[in-house]
Amino acid sequence: MSEKNPLKNLLANKMQRRTFLKWSGAIGLPVIAGGIGTKMLIDRKEEAKVVVAKDSEKIISTCSINNCGGRCVIKAHVKDGVVVRVSTDTQAGGDFATPPLRACVRGRNYRNMLYHPDRLKYPMKRVGKRGEGKFKRISWEEAIETIASEVKRIGDKYGPESRYVNYASGQSWGLHGGKNAARKLLSLTGGYLNYRNDYSSGAGNVATPYTYGTNNSGSSFDTLLHSKLIILWGQNPSEMIFSTPYREYLMQAKKNGAKIIVIDPRYTDTAIAFADEWIPILPTTDNAMMDAMGYVIITEKLQDQAFLDKYCIGFDGEHMPDGVAKQESLKSYLLGEKDGTPKTPEWAEKICRVPAEKIREIAREYAKTKQAALIQGWAAQRQAYGEQFMRGGAQLACLTGNVGKLGGWGAGTGYWNRSNIVFPFSYENPVKASIPCFLWTQAVEKGTEMTAADGLEGTDKLKTNIKLIFNMAGNMLINQHSDINKTTKLLEDESKVEFIVVSDIFMTPSAKYADILLPGTTFFERYDIGVPWCFGDYVVFGEKTIDPLYECRNEYDVFAEVADKLGVKEKYTEGRTILDLVKESVERTRKEIDPNFPTFEEFRKQGVHHFKYDSPLIGFKDQIDDIEKKPFETPSGKIELFSKALWDMDQHDEIPAIAKYIPSWEGPEDPLKEKYPLQLIGWHYKRRCHSTYDNQSWLEEAAKQEMWLNPKDAEKRGIKNGDRAQVFNDRGSLMIDVKVTPRITPGVAGIPQGAWYTPDKDGLDQRGSLNVLTSQRPTPLAKSNPQQTNLVEVKKA
Ligand SMILES: Nc1nc2c(c(=O)[nH]1)N[C@H]1C(S)=C(S)[C@@H](COP(=O)(O)OP(=O)(O)OC[C@H]3O[C@@H](n4cnc5c(=O)[nH]c(N)nc54)[C@H](O)[C@@H]3O)O[C@H]1N2
Ligand SMILES: Nc1nc2c(c(=O)[nH]1)N[C@H]1C(S)=C(S)[C@@H](COP(=O)(O)OP(=O)(O)OC[C@H]3O[C@@H](n4cnc5c(=O)[nH]c(N)nc54)[C@H](O)[C@@H]3O)O[C@H]1N2
Ligand SMILES: [Mo]
């Protein structure tokens, strides 16, 4: 096995790692990794330098509300109504409890985005065939009139379930934005078909609660300062921003002596900056390694038995739910008592390629080190059986008793939140029917045939397919949803979806599919409050720094006029402007949530408000301290390593009651591998937020769109570094430049997700837009997106 296992060679090659480190130091990691470098924390004095305004410049602090996991401070230097420069936060927050909320490489480019010549400048209507990209300038009056009449016509003809507001995350972390504007308008005029879940952690969002009763399974990042070992499983926070200050805590944890292990098919920027060890693994096979770690832990009696006995059900035969046989337990599965296959490290090595000895070593280390934090990224749950990955990590955290302890971590989806404010722009949709967000194309094609098995909720049957789509600040119509070739065909058929409204700031691949295209504002041009993702304990004031450019308008204001045409303006605005919404949020937050929240004027002056807490947030501490008083929110009140609810679904092969490895379609064991031998994954690139900023030349210079391929795979195909290649499978084909690098596992190809779909005249994408190759087949339980699960072949162009 050893010679045949190329990963073993990668691991053994210590020289190689040293070379990487030297390289990263030589060219200055902070620049390539978007502001993360060892230097930062070592030399803090220098950072306290405050940016000073030049003569006649005014520095106005604001916040980008794009859907990256961070929320940083953007300082616009404004002179005569023009943003002449952008700087960022340099000061540690409040009482130095929080590191500076520093912008990453994307933030440094915001001025270019704001004044980019390609900004959409006025409303337009489609004149060519849908998707062709031919538009004509129209007046705002015509745009508003057309939207109002189509909303009414389609609602009257097909009923409210025909109207849909697509998943779109370009404005999702503020108080208002286009998606909410459209939802409120539709709510007031009959309603719309709802969606549930998201594209980010969709499988985890549904799976983790079966174990813990909630997705809030993480802890605040300052708890990492108490960890002795940190395992980042498929997580890359050097590049993928999960929370603005996270990396600084990681850096500090490392300085405190924590060992950091990164498990990822790629030798990521995180592995370079932080890792003591990088464990390359084949995509879709993480659960095989997890199972084997569990096997080692229990056969070497390293499990925290007291923890398992007290807090968990399903570990062994003695702790099974009523009516379920003993050999269905986790322990029995790992030992192979029923299927005859013990989940040994040797068994796992054949699947995931991580050497058996390495699996043993990590299992022992994880079980013996107190405390150890296992933090899971989300890409490995954007896999065909992504639910297993999330529950599998949580399972390991429980086996080792790392839950509810300072410096430990519950794994799973990992949310936590300490930044609670009131969102005053509310509405109630009279329609209760909802679909999983990933299945919107199915609801266009054959919504009326969808059932509970497709994740339809709130009704037994839909009365209509989707006929009208609002796509506000999102690129999901085409670029970010799976299987672009299938979606373009679907949307080009005007008898299916009859009317599409898009709001954006650029002519994106999705914008080309609009019937009416609205020019939106950027965050520089409006008021808002920036709220960090589920990982944060602060909020940022979004000051309007300049007036909107050209004819660009806020969706809130545009939809107020549409509401006027439909006779519901008063109910829509409740007499408030956007600035009123911001003020109301602050006032109500002070009254209803936190009396220590600053007043509107104070908040505006400060720019940032840090919520103050006496101690770090330790996920599940209350339950572990006193489970009688504070049971887990599961049906049994305990952590459910075995879920009776999943068991009762009676689909044990694809939805097992305990987390386990399931060989994946388009994984390394699929016979399709003969035809398409490479596993293709994507990742969230440092130079984009999904597809946002793909058209920004500075960022392309900082990090080019290119595919990673291992030298072994490149050589087999006669491909050299920098060559152009074609990547294809049965769903599609794209062209991309290749970076030949040992930083990616043999057998795996990696394309950063989010490049704009750019077909040539023959329909062949020239930009490397990953979703021409991805599948619309959903995950079994959550009906979520498997966009990391793809077999492909590559040939030199
Ligand atoms: N293959 C693959 N596909 C994926 C993923 C993956 O990992 N692999 N990841 C998935 C995930 S996790 C997510 S969250 C989705 C994200 O997919 P989307 O939600 O579609 O996000 P973006 O691609 O960033 O699109 C946001 C759009 O909003 C526009 N925009 C930005 N700011 C503003 C503004 O202020 N006003 C207006 N009007 N428009 C604005 C931008 O120009 C951009 O076109 O993609 C998913 N798709
Ligand atoms: N710079 C930047 N930051 C972002 C975003 C962005 O677009 N750009 N998007 C934000 C959003 S909406 C989201 S949802 C998050 C996404 O957060 P994640 O989903 O966690 O991020 P990814 O970069 O997709 O994947 C993380 C790592 O998982 C690895 N990986 C892929 N497949 C597998 C696998 O099967 N097993 C293992 N072990 N590892 C695997 C990838 O190589 C990558 O290094 O990021 C957020 N932050
Ligand atoms: Mo996401």
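Residues numbered from 1 in each chain as written. Chains lettered and ligands numbered in written order. Predicted model: local features only at pLDDT ≥ 70, side-chain atom pairs only at ≥ 80, totals over all residues. Heavy atoms only, no water.

**Description of the overall build of the chain**
The number of helices and strands found in the chain is 26 helices and 26 strands. Against the 2.2 N^0.38 benchmark of 28 Å for 797 residues, the chain shows a C-alpha radius of gyration of 26 Å, consistent with a compact globule. On the principal axes, the C-alpha backbone points of the chain span a range of 70 × 60 × 60 Å. Out of the 797 residues in the chain, the part that is buried amounts to 64%. Across the chain, every contact between residues at least 6 apart in sequence was considered, and the portion connecting residues at least 24 apart equals 74%. When the accessible surface of the chain is split by element, carbon and sulfur atoms take 50% of a total near 29300 Å². Between the centroid of the 109 positive side chains of the chain and the centroid of its 102 negative side chains there is a distance of 4 Å. (Helix = DSSP H or I, 4+ residues; strand = E, 2+ residues; numbered from the N terminus. Rg over C-alpha atoms; globule rule 2.2 N^0.38 Å. Buried < 20%, exposed > 50% of the residue type's maximum accessible area, 1.4 Å probe, protein only. Contact = heavy atoms within 4.5 Å. Areas by Shrake-Rupley, 256 points an atom, 1.4 Å probe, with all protein chains shown as cover. Lys, Arg positive; Asp, Glu negative; His and termini not counted. Charge placed at Lys NZ, Arg CZ, Asp CG, Glu CD.)

**Some points on the site of ligand 1**
Looking at ligand 1, there are 34 residues lining it, with Ser169, Asn475, Asp504, Ser691 and Thr692 nearest. A distance of 3.3 Å is found between an oxygen atom of ligand 1 and a backbone nitrogen or oxygen belonging to Ala473. Here ligand 1 loses 98% of its free accessible area of 920 Å² to cover by the protein chains. Split by residue class, the shell around ligand 1 holds 8 nonpolar, 22 polar and 4 charged. (Near = heavy atom within 4 Å. Polar contact = N/O pair within 3.5 Å; in protein donor to acceptor, adjacent residues only side chain to side chain. Nonpolar A, V, L, I, M, F, W, Y, C, P; charged D, E, K, R; others polar.)

**Focus: the packing of helix H7 (residues 178-187) against helix H19 (residues 555-565)**
Geometrically, a packed helix pair is captured by the angle between its two axes and the distance between the axes. Contact geometry for H7 and H19: axes closest at 8 Å, N-to-C directions at 15°. Judged by the inter-axis angle, H7 sits roughly parallel to H19. The way H7 lies across H19 gives a crossing that is right-handed. Residue-level inspection shows Gly178, Ala181, Ala182 and Leu185 of H7 in contact with H19, the latter providing Glu555, Tyr556, Phe559, Val562 and Ala563. Looking at the contact of H7 with H19 residue by residue, the classes come out as 7 nonpolar, 1 polar and 1 charged. (Axes fitted to C-alpha atoms, helices over the stretch in contact; angles between N-to-C directions. Parallel < 35°, antiparallel > 145°, perpendicular 65-115°, else oblique. Left-handed = near helix turned anticlockwise from the far one by under 90°.)

**A closer look at the environment of Val82**
One can find Val82 in strand E3 (residues 82-88). Considered as a pair, Val82 and Leu185 are 103 residues apart in the sequence and their alpha carbons are 33 Å apart.

**Some remarks on the domain arrangement of the chain**
Under the domain assignment, the chain is made up of domain 1 (6-42), domain 2 (124-198 + 427-522 + 550-575), domain 3 (203-417 + 618-647) and domain 4 (671-796). A separation of 39 Å is found between the C-alpha centroids of domain 2 and domain 3. (Domains from an automatic or database assignment.)

**Observations concerning the sheet that holds strand E4 (residues 124-126)**
Strand pairing in a sheet relies on backbone hydrogen bonds, with the paired strands running either antiparallel or parallel. Taken in spatial order, the 6 strands of this open sheet run E5-E4-E16-E15-E14-E6, and their pairing is mixed. The sheet is open, and its two edges are formed by strand E5 (135-137) and strand E6 (163-165), each paired on a single side. Along the sheet, successive strands turn relative to each other by an average axial angle of 20°, direction set aside. Alignment of strand E14 (residues 468-472) against strand E15 (residues 499-504), held across 5 bridges, turns out to be parallel. Bridge pairing in E15 places Asn471 opposite Val502. Sheet contacts for helix H6 (residues 140-158): E4, E6, E14, E15 and strand E16 (516-519); angle to E16, the most-contacted strand, approximately 130°. Each of E14, E15 and E16 is contacted by H19, which is oriented at about 150° to E14, the strand it contacts most. (Pairing = 2+ DSSP bridges.)

**Observations concerning the site of ligand 2**
Lining the immediate surroundings of ligand 2 are 36 residues, of which Asp264, Asp286, Arg382, Arg688 and His690 lie closest. Residue Asp264 places a side-chain N or O atom 2.7 Å away from an oxygen atom belonging to ligand 2. Within the side chain of Asp286, a nitrogen or oxygen atom sits 2.7 Å from a nitrogen atom of ligand 2. For ligand 2, the accessible surface in isolation is 910 Å², of which the surrounding protein chains cover 100%. Looking at the shell around ligand 2, the element that brings in the most residues is strand E21 (residues 678-684), giving 3 residues. When the residues that make up the shell around ligand 2 are grouped by side-chain class, the tally is 17 nonpolar, 11 polar and 8 charged. For the shell around ligand 2, the two domains that each supply at least three residues are domain 3 (203-417 + 618-647) and domain 4 (671-796).

**Comments concerning the packing of aromatic side chains**
Taken as a whole, this structure holds 39 aromatic pairs when the rule is applied. When the ring of Tyr267 is compared with that of Trp278, the centres are 5.0 Å apart and the planes differ by 55°; the resulting orientation is tilted. Separated by 11 residues along the polypeptide, Tyr267 in the loop between strand E9 (259-263) and helix H10 (269-274) and Trp278 in strand E10 (residues 277-279) bring together distant segments of the chain. Judged by its relative accessible area of 2%, Tyr267 is buried. You can call Trp278 buried: its relative accessible area is 10%. (Phe/Tyr/Trp six-rings, centres within 6.5 Å; stacked < 30°, edge-to-face > 60°.)

**A closer look at helix H9 (residues 246-255)**
Burial within H9 is extensive, with 7 of its 10 residues counted as buried. Taken together, the buried positions of H9 are Tyr246, Arg247, Glu248, Tyr249, Leu250, Met251 and Ala253. Of the residues trailing H9, Gly257 is marked for its positive phi of about 105°.

**Some thoughts on the environment of Gln480**
Summarising the element assignment, Gln480 is placed in the loop between E14 and helix H18 (484-492). On the basis of relative accessibility, which here comes to 9%, the residue Gln480 falls in the buried class. Separated by 211 residues in sequence, Gln480 and Ser691 have C-alpha atoms that sit 7.5 Å apart. Engagement of the side chain of Gln480 in a polar contact is seen with the side chain of Asn479, the distance being 3.0 Å.

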